[in-house]
Amino acid sequence: MRNDDVNPVLARRTALAVFGAGLAAGCSTYGGSQSGTSAAPAPAGTELGAAADVPVGGGKVFADKQVVVTQPAPGTFEAFSAICTHQGCTVDAVADGTINCPCHGSKFKIADGSVANGPASKPLEKKAIAVAGGKITLAQA
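Basis of the calculations
- Residues numbered from 1 in each chain as written.
- Predicted model: local features only at pLDDT ≥ 70, side-chain atom pairs only at ≥ 80, totals over all residues.
- Heavy atoms only, no water.
- Pairing = 2+ DSSP bridges.
- Helix = DSSP H or I, 4+ residues; strand = E, 2+ residues; numbered from the N terminus.
- Axes fitted to C-alpha atoms, helices over the stretch in contact; angles between N-to-C directions.
- Buried < 20%, exposed > 50% of the residue type's maximum accessible area, 1.4 Å probe, protein only.
- Polar contact = N/O pair within 3.5 Å; in protein donor to acceptor, adjacent residues only side chain to side chain.
- Contact = heavy atoms within 4.5 Å.

(A) Summary view of the sheet that holds strand β8 (residues 98-100). In spatial order, the strands read β7-β8-β9-β10; together these four strands make up an open sheet with antiparallel pairing. Lying at the two open borders of the sheet, with one neighbouring strand each, are β7 (93-95) and β10 (115-117). Direction aside, the axes of adjacent strands within the sheet are offset by 35 degrees on average.

Here it is, written out as structure tokens:
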């Protein structure tokens, strides 16, 4: 087939369809990591880290364990799944009182994991933790 035999309208539609499919496939991972099936959530008893590493009024994301731990008030620790309820991206930061997802801008409150800013409409899943000897570990739910 020669180039001048190609219908330009059909060629443009095909190009747009391919481009659109690529955008849809890439949208859920833009700017963050997709949880997928490659990493399973950490089991109970898994040590997350030092309590001293979790700032008061903030938190720390343990992406490799799929957990985010916050300290909304001195000595009060909360833990949530680090997997955003919008499209499964891993949250990547805790700042200004919220747990933040880089993919589409969802924000969750550090005190209870509830949605502070969408597009997520469901809170982060709460995780059970134990804090002892300055260490944070996952506990049985």
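(B) Expanded view of the side chain of Asn 100. Residue placement: Asn 100 occurs in strand β8. What makes Asn 100 buried here is its relative accessible area of 11%. Side-chain polar atoms of Asn 100 contact the side chain of Thr 98, separated by 2.7 Å. Excluding anything up to four places from it in sequence, Asn 100 contacts Val 91, Asp 92, Ala 93, Val 94, Ala 95, Ser 106 and Lys 107.

(C) Region of the structure containing the side chain of Thr 98. Considering the arrangement of structural elements, one finds Thr 98 in strand β8. Every residue in contact with Thr 98, bar those within four places of it in the chain, is listed here: Ala 93, Lys 107, Phe 108, Ile 110 and Ala 116.

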